[in-house]
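Residues per chain, in single letters:
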Amino acid sequence: MRYLPLTDPDRTAMLDVIGVGSVDDLFVDVPEEARLSGPIEGLPMHASEMAVERHMARLAAKNLSAGNAPFFLGAGAYRHHIPASVDHLIQRGEFLTAYTPYQPEIAQGTLQVLFEFQTQVARLFGTDVANASMYDGSTACWEAIVMAGRITRKRRVVLSDGLHPHYAEVVRTMAKFTRDEIASSAPKLEATTDDAAICDAIDDATSCVVVQYPDFLGRIPDLAAIAEAAHAKGALLVAVVTEPVALGLIEAPGHLGADIVVGEGQSLGVGLQFGGPYLGLFACREKFLRQMPGRLCGQTVDAEGKRGFVLTLSTREQHIRREKATSNICTNSGLCALAFSIHMTLLGGEGLARMAKISHARTQQLVAALADVPGVEVVNESYFNEVALRLPSDTREILRKLADRGVLGGVSLGRLYPGESELANGMLVAATETTTEEDIATFARELAGVLA
Amino acid sequence: MNVVNASGWKPSMGEGGTSGDAVTASGDRGLMLEEPLIFELAGEPTTGVDFEHCELEPIAALDKHLRKAPLALPGLSEGETVRHYTRLSRQNYAIDLGPFPLGSCTMKHNPRLNEKVARLPGFADLHPLQPGDTIRGALEVINELAFWLIDLTGMSGVAMSPKAGAHGELCGVLCIRAALEAKGDAREVLLVPESAHGTNPATAAFAGYRVENIPATAEGRVDLDALKARLGPDVAGVMITNPNTCGLFERDMKAISDAVHAAGGYVYCDGANFNAIVGKVRPGDLGVDAMHINLHKTFSTPHGGGGPGSGPVVLSEALCPYGPLPFTAKTADGIVHLVEEDNAAEFDHKQAFGRMVAFHGQMGMFTRALAYILSHGADGLRQVAEDAVLNANYILRSCEDLLDAPFGQSGPCMHEALFSDASLAEHFSTLDIAKGLIDEGFHPMTVYFPLVVRGAMLVEPTETESKKGLDRFIASLRHVAQRARDGDEALHDAPHFAPRRRLDETQAARKPVLTWKPAAED
């Protein structure tokens, strides 16, 4: 087998050194009645590289990839162009096949990347500090709520109705077990966010208010006003950014009063990948530093006085604090953080601003084209690169028909909010710099055909 | 840094011989390259990505939301970027460079076929919320991998969405809690052995349980009598690692499971060490109710310097009804469906405890793991476990005369060999051994874990090391151990030949510097 270097003579020689007669003698502690006598029945035997590649390629060919169709899906996962150098660099074996940097003297590559990544994320979000990544945006969001509870010692959480429904579901799931009280509701298909309603929902028992920015329907809430209302009640503002490219154009949440900013970093460097692995971003004010979950990389010096980097403040973490840790997270999204950081290094603030501006412009063109389709109503007043539409019938069926016509048309709100009949006819559409004018024209034409 | 090591060999990579202290203007030494931070490399604002000109101005409704100042992040040209990260990569050790024998981490070779198939556009360029008919192949990958995991573990079902091992632990523990609560049986305590990974107690606490430790016997296994004595109506279950973190198989696993079940609890097994037993024994046959599988360990998906991982959780028949959404299900017509909130009732899965992640889990890891599993097949995976255990025992028996093996008499080890600092000279520690190995060109083993052994050194070679490679590692480990027994003071200053000498972790924690700031702001 091509991955196993030991030969039978090697095995015999090693068994001699160990002083046993056979490999089975090494498994004597496994109760005999539970030991399998041979390969598990009914499963295939080993296969060549060529055979496995053929099998996997056959499965891949059954899918309609985003690049093979006019494509307008978003809803927390965006298709942006990733420069070729990003994927090349993350496949350097020294990055790809390293472990968590537990031995800093021989992991300065990974550690310096994490230090740069933390700085990039903190600046992007307008916060003091950021950690070395979480699993994804949804889990980072829950961790922010747990952290806010530790800081404020309160257990009531207000979710804005514009929070991604999967994120809200993760929060509600976890809160069932932790007994946190969660106030949440489904959004309404209205032109603007109801910021006053969010502010009104905050009371003295509220630990934090969680607001997505831009929100799930693409609208931009007034974070500064919500921050003020939260702080007046002794609550924290947790801002959630699922499309970090937006921050090339609109103000950073940290500059608007957010205390903790979390997000999904998938847009930069990571790609769609059918939903994972993605990249949880986590940032906050410096005064909350010691309450943060996850790994942190810090600057220090070595025995010769040279600058170097280490994982630090690990007394917050599970391997030291065990049941008293700030989180149980261990492995995070290191390689995705590397991809994000490389993409961000290529872009710089200026490149991100241009990318944001083009994504926004393509969305303006999309909105204009779809608004002309009979039966389509564009809901949003404000948007960055995603808008909600109200269509005449259930959008799940419309999207299936569009797919039959070779168009990947958007995301059905009915699918994501089962039981909310008001949203069954709602649909999200997004555009990025990868969207072409031809894609937009095709979409408008085919949607008109489906609705006709 | 011209320290002569015990063998008399002098460092000669770029600073050879007596000119070792020579100072270069650049700070670089031959191929030993220093690398500034991107913030120090950058000049005037620029970008390494070309975009077409955009004339459309933002919509008026955005006016009040626009950035007030440009985002202060440096951009580099493509060439500078490639060079920056390539230079940084050379300061890392990696499995591609040599053995990475971190106990409990299973650093095995990462086959490149897996990288290739994960990048097929049909998998990599697929949005998680596309309509069902455009993603059938992706769902088939998840379903096919799910059935391999079920068959290899002898369990009834699997929750595929958890993002990493600790997330899988949480999933399993929440299944246990949901199953108990469905019976109206709220219990408060989870029992965790002293030798457990830190994630186990942290997970139990994160899920709202109180953690109580159960002690180990002198031979390094769970104390069955102590466990039985603690079981009762307040105990929700146990979290056990098998093979355990002392590198031993828990012989009493079935008896433990039976006792826990008899007391109305459930058994969680930490599957971090599944590599030792894949194809040799099925946890389901030992009474396990839930076990996470680290695809980034047993099934070779790359660790990437700290993730991404992937932690599917296999479940017993008793816990299956409570597994979280989403998951895949194959209907009689051969079509694989994604079961989510809006169709869970159709698939008779109404008791799901909820959702743990946005979207459907680590697809990019599923494709890699499936390619790995198909490559090995049922026969190859069995060989994986056998060779992993053989390699670990070879190291154990080749070094136990120099390094104390606290459980060396407890029988063969599984896939990792455990040593302690007991045989070292006074004032010499496990840390010295680790740093000495760095100078030898190896990544050290896991150190100071498990906590039940003083100065623990946990060595996991995995099955992808050759005998010759192991012999080289053993020669180095023996050499460093001998130096520590002999009291070679130079070992305290190791590493001498790495990109950095020992780093001051106290300073890093006392005055944390977590982001770069221009000198003026310091």
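## Focus on the overall build of chain A
Scanning chain A from N- to C-terminus turns up 14 helices and 13 strands. A compact globule built from 452 residues would reach a C-alpha radius of gyration of about 22 Å, and chain A, at 25 Å, matches this within 12%. Dimensions of chain A along its principal axes, counting C-alpha atoms only, are 80 × 50 × 45 Å. Intrachain contacts of chain A at a sequence separation of at least 6 include 73% that bridge at least 24 residues.

## Thoughts on the domain arrangement of chain B
One can read the domain layout of chain B as domain 1 (25-89), domain 2 (114-371) and domain 3 (384-508). Between domain 1 of chain B and domain 3 of chain B, the C-alpha centre-to-centre distance is 42 Å.

## Here's the deal with the nonpolar core
Within the largest apolar cluster, 323 residues are counted, with the highest numbers of intra-cluster contacts made by Val210 and Val238 of chain A. The leading source of residues in this core is helix α10 (residues 363-399) of chain B, at 21 residues.

## Remarks on the environment of Met134 of chain A
All names here are of chain A. Within the secondary structure, Met134 is located in the loop between β1 (129-130) and α6 (137-152). The buried category is assigned to Met134, around which 32 C-beta atoms lie within 10 Å. Between the C-alpha atoms of Met134 and Phe282, which are 148 residues apart in sequence, the distance is 7.0 Å. Apart from the residues lying within four places of it in its own chain, the contact partners of Met134 are Thr139, Ala140, Glu143, Gly280, Phe282, Gly294, Ile329, Asn332 and Ser333.

## Examining the sheet that holds strand β10 (residues 417-419) of chain B
Residue and element names in this part refer to chain B. Overall, antiparallel pairing links the three strands, which are arranged β10-β12-β11 in an open sheet. The open sheet terminates on both sides in strands that have one partner only, identified here as β10 and β11 (446-447). The pairing of β10 with strand β12 (residues 457-459) spans three bridges and is classified as antiparallel. Opposite Leu418, over in β12, you have Leu458 as the bridge partner.

## Remarks on the sheet that holds strand β7 (residues 313-315) of chain B
Residue and element names in this part refer to chain B. Strands sit in the order β1-β7-β6-β5-β4-β2-β3 across an open sheet of seven strands; the sheet is mixed. Whereas interior strands pair on both sides, the edge strands pair on one side only; in this sheet they are β1 (157-159) and β3 (210-214). For this sheet the average axis-to-axis angle between neighbouring strands, irrespective of direction, equals 25°. In this structure, strand β5 (residues 266-270) lies alongside strand β6 (residues 290-292), joined through two bridges in parallel fashion. Note that in β6 the partner of Tyr268 across the bridge is Ala290. Across the sheet, helix α5 (residues 136-153) touches β1, β6 and β7, and the angle it forms with β1 is around 125°. Helix α7 (residues 199-206) contacts β2 (189-193), β3, β4 (235-241) and β5 of the sheet and is inclined by roughly 175° relative to β2.

## Topic: the interface of chain B and chain A
Across the contact, 171 residues belong to chain B and 168 residues belong to chain A. In terms of residues, the side of chain B that touches chain A owes the most to one element, α10 of chain B, which gives 22 residues. Here the side of chain B that touches chain A is built from residues that sort into 88 nonpolar, 50 polar and 33 charged.

## A word on the pairing of strand β2 (residues 156-159) of chain A
All names here are of chain A. Every second residue of β2 is oriented toward a common face, with Arg156 and Val158 on one face and Val157 and Leu159 on the other, all of them buried. Sheet analysis places β2 next to strand β3 (residues 181-183), joined by three bridges and oriented parallel. Note on β3: the bridge partner recorded for Arg156 is Glu181. With helix α7 (residues 165-178) bridging β2 and its parallel neighbour β3, the resulting β-α-β unit is right-handed. Alignment of β2 against strand β4 (residues 206-212), held across four bridges, turns out to be parallel.

## Some thoughts on the domain arrangement of chain A
Residue and element names in this part refer to chain A. Split by domain assignment, chain A resolves into domain 1 (66-82 + 349-451) and domain 2 (84-344). A C-alpha centroid distance of 27 Å is found between domain 1 and domain 2. Taken together, the contact between domain 1 and domain 2 spans 32 residues of the former and 31 residues of the latter. Looking at the side of domain 1 that touches domain 2, the elements that each hand over two or more residues are α11 (334-371), β11 (386-390) and β13 (426-430). Looking at which element gives the most residues to the side of domain 1 that touches domain 2, the answer is α11, with seven residues. The residue inventory of the side of domain 1 that touches domain 2, partitioned by class, reads 17 nonpolar, eight polar and seven charged.

## What about the pairing of β4 of chain A?
Residue and element names in this part refer to chain A. Most of β4 is tucked away: seven of the seven residues are buried. Direction of pairing for β4 relative to strand β5 (residues 236-241): parallel, over a ladder of five bridges. If you follow Val209 over to β5, its bridge partner there is Leu237. In this region the chain leaves β4, passes through helix α9 (residues 223-232) and returns to the parallel neighbour β5; the handedness of that crossover is right-handed.

## What to know about α6 of chain A
Residue and element names in this part refer to chain A. When the terminal C-alpha atoms of α6 are compared, their 22 Å separation across 16 residues agrees well with the 22 Å that a helix rising 1.5 Å per residue should span. Burial analysis of α6 places 12 of its 16 residues in the buried class, the great majority of the element. Burial in α6 covers these residues: Gly137, Ser138, Thr139, Ala140, Cys141, Trp142, Glu143, Ala144, Ile145, Val146, Met147 and Ala148. Elements that come into contact with the buried residues of α6 comprise β2, α7, β4, β5, β6 (260-264) and β7 (280-284). Just beyond α6, the residue with positive phi is Arg153, at close to 55°.

## Re unusual backbone geometry
In this structure, the amide linkage connecting Gly276 of chain A to the following residue, Pro277 of chain A, adopts the cis form with an omega of 0°. Within the fold, Pro277 of chain A resides in the loop between β6 and β7. Residue Pro308 of chain B is reached from Gly307 of chain B by a cis peptide bond, and omega for that bond is 5°. The residue Pro308 of chain B is located in the loop between β6 and β7 in this model. One non-glycine residue, Arg322 of chain A, lies in the positive phi region at around 50°. Position of Arg322 of chain A among the secondary structure elements: in the loop between α10 (318-321) and α11. On the basis of neighbour count, Arg322 of chain A is assigned to the buried category, with 22 C-beta atoms found within 10 Å.

## Some words on the packing of helix α12 (residues 395-404) of chain A against helix α14 (residues 437-451) of chain A
When two helices pack together, their arrangement is given by the angle between their axes and by how far apart the axes lie. Residues and elements named next belong to chain A. Where α12 contacts α14, the axes come no closer than 10 Å and their chain directions differ by 125°. Accordingly, the angle class assigned to the pair α12 and α14 is oblique. In the packing of α12 onto α14, the handedness of the crossing is right-handed. Note on element contacts: α14 touches α12 through Glu446, Leu447 and Val450, opposite Ile398, Lys401 and Leu402.

## Regarding α14 of chain A
Residues and elements named next belong to chain A. Taking 1.5 Å of rise per residue, 15 residues should cover 21 Å, and α14 covers 21 Å from first to last C-alpha, within 8% of that figure. Three or more residues of α14 are buried, namely Ile440, Phe443, Ala444, Leu447 and Val450. Down the axis of α14, the buried side of the element spans an arc of 130°, and every buried residue falls inside it. For α14, the exposed residues set more than 90 degrees away from the buried face come down to Glu437 and Glu438. In the core, the buried residues of α14 are packed alongside α11 and α12.

Reading guide: rules and limits
- Residues numbered from 1 in each chain as written.
- Chains lettered and ligands numbered in written order.
- Predicted model: local features only at pLDDT ≥ 70, side-chain atom pairs only at ≥ 80, totals over all residues.
- Helix = DSSP H or I, 4+ residues; strand = E, 2+ residues; numbered from the N terminus.
- Rg over C-alpha atoms; globule rule 2.2 N^0.38 Å.
- Contact = placed C-beta atoms within 7 Å.
- Domains from an automatic or database assignment.
- Core = buried A, V, L, I, M, F, W, Y, C linked by C-beta atoms within 7 Å.
- Buried ≥ 20, exposed ≤ 12 C-beta atoms within 10 Å, placed from the backbone.
- Pairing = 2+ DSSP bridges.
- Axes fitted to C-alpha atoms, helices over the stretch in contact; angles between N-to-C directions.
- Nonpolar A, V, L, I, M, F, W, Y, C, P; charged D, E, K, R; others polar.
- Right-handed = clockwise from strand over helix to strand, strands pointing away.
- Expected span 1.5 Å × (residues − 1).
- Parallel < 35°, antiparallel > 145°, perpendicular 65-115°, else oblique.
- Left-handed = near helix turned anticlockwise from the far one by under 90°.
- Arc of directions from axis to C-beta.

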